[in-house]
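# Working through the structure, step by step
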Amino acid sequence: MSRLFLALVALFLAAPVAIIAGVSVNAQQSLVFPTKGLSLRWYQAIFTDPDWRGALFTSVSIAVLAAALAVLIALPIAYALWRRATLPGRIVQLLGVSPFVLPPVITGLGALAFWSTVGFYGSSFTVVVSHAIFFTSLPLVTLTLGFSSIDREIVEAARTMGASEAAVRRTIVLPMIRPYLVSGFAFAFVLSLNEYIIAYMTVGFTMETVPIKIFNALRYGYTPVMASISVLFVALAALVFGLVARFGDLPKLLGAWERR
């Protein structure tokens, strides 16, 4: 009975993706399901149409830069708290997590007000910085888990043997937190890739990411290209998380391991 229930839940969750996947190979230029004929030309249009190709390149570029910046912000915070937990450090950690707890529209409005005040609204870097701030909590959480998993006796043994702090960080700390660093980057990358509200409020229509491009395209009609690029994003997210789970032990990265 439980297996049947789980199967029904899985079917319910997978049904929207299956319908979108079916629409993406529709031979006709319409969002209808069941499909009327099969064609892969809508996937080809993602890379041959300059508008869709440009939006895809923009989204990937922003996601890579924002995820990298989020990791650069989170790493020193997590490292400082691991070395010595202080009240100011805990406050900074709380501030690092708080943007992700708030609804994206609140963060987007704050970013809009700030960038408009300083005169940079519509600049390309504003969405990168805004996404990095919003998604800093993801690498901050994973890196905090990574540092907490380090056996301090190993670090003390290395120091006793005469290793410098730089050598300890390079040969012990970094290798042990690398999976957590990569997973934090991956989580921030995927979510930045699909984020719409903050991107729209920081750059408006001056720069089209894929989510903004989809909403803009809805004003002129429905084409299966929107379905095909949605399937592409789902496949990319599944690939990224699958690689994290395969090489990084996803349950451990999420904190689900037995403490001794």
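Attention here is on the structure that accompanies the text. (Residues numbered from 1 in each chain as written. Predicted model: local features only at pLDDT ≥ 70, side-chain atom pairs only at ≥ 80, totals over all residues. Heavy atoms only, no water.)

### Here's the deal with helix H11 (residues 210-217)
H11 sits mainly inside the fold: seven of its eight residues count as buried. Taken as a whole, H11 has its buried residues at Val-210, Pro-211, Ile-212, Lys-213, Ile-214, Asn-216 and Ala-217. (Buried < 20%, exposed > 50% of the residue type's maximum accessible area, 1.4 Å probe, protein only. Helix = DSSP H or I, 4+ residues; strand = E, 2+ residues; numbered from the N terminus.)

### Here we look at the side chain of Ser-137
For Ser-137, the location among the structural elements is in helix H7 (residues 137-148). What makes Ser-137 buried here is its relative accessible area of 3%.

### As for the packing of helix H3 (residues 50-83) against helix H6 (residues 124-135)
Packing of H3 against H6 brings their axes to within 8 Å, and their N-to-C directions diverge by 50 degrees. Considering their axes alone, H3 and H6 lie oblique with respect to each other. Remark: the crossing between H3 and H6 carries right-handed chirality. Every residue of H6 that contacts H3 at Ile-62, Leu-65, Ala-66, Leu-69 and Ala-70 is listed here: Val-127, Val-128, Val-129, His-131, Ala-132 and Phe-135. (Axes fitted to C-alpha atoms, helices over the stretch in contact; angles between N-to-C directions. Parallel < 35°, antiparallel > 145°, perpendicular 65-115°, else oblique. Left-handed = near helix turned anticlockwise from the far one by under 90°. Contact = heavy atoms within 4.5 Å.)

### Quick word on the packing of aromatic side chains
The geometry of two aromatic rings is summed up by the distance between their centres and the angle between their planes. Applying the stated criterion across every chain, the model contains eleven aromatic pairs. Measuring from centroid to centroid gives 6.4 Å for Phe-185 and Phe-189, while their planes differ by 10 degrees, and the two rings are stacked. Pair noted here: Phe-185 and Phe-189 are both in helix H9 (residues 165-194), with a separation of four residues, about one helical turn. Given the relative accessible area of 29%, Phe-185 is considered partly exposed. On the basis of relative accessibility, which here comes to 11%, the residue Phe-189 falls in the buried class. Each member of the aromatic cluster is reached from another via a ring pair, and the members are Phe-114, Trp-115, Phe-120 and Phe-125. Seen from the ring of Trp-52, Lys-213 lies directly overhead, with NZ or CZ sitting 5.4 Å from the centre. (Phe/Tyr/Trp six-rings, centres within 6.5 Å; stacked < 30°, edge-to-face > 60°. Lys NZ or Arg CZ within 6 Å of the ring centre and 35° of its normal.)

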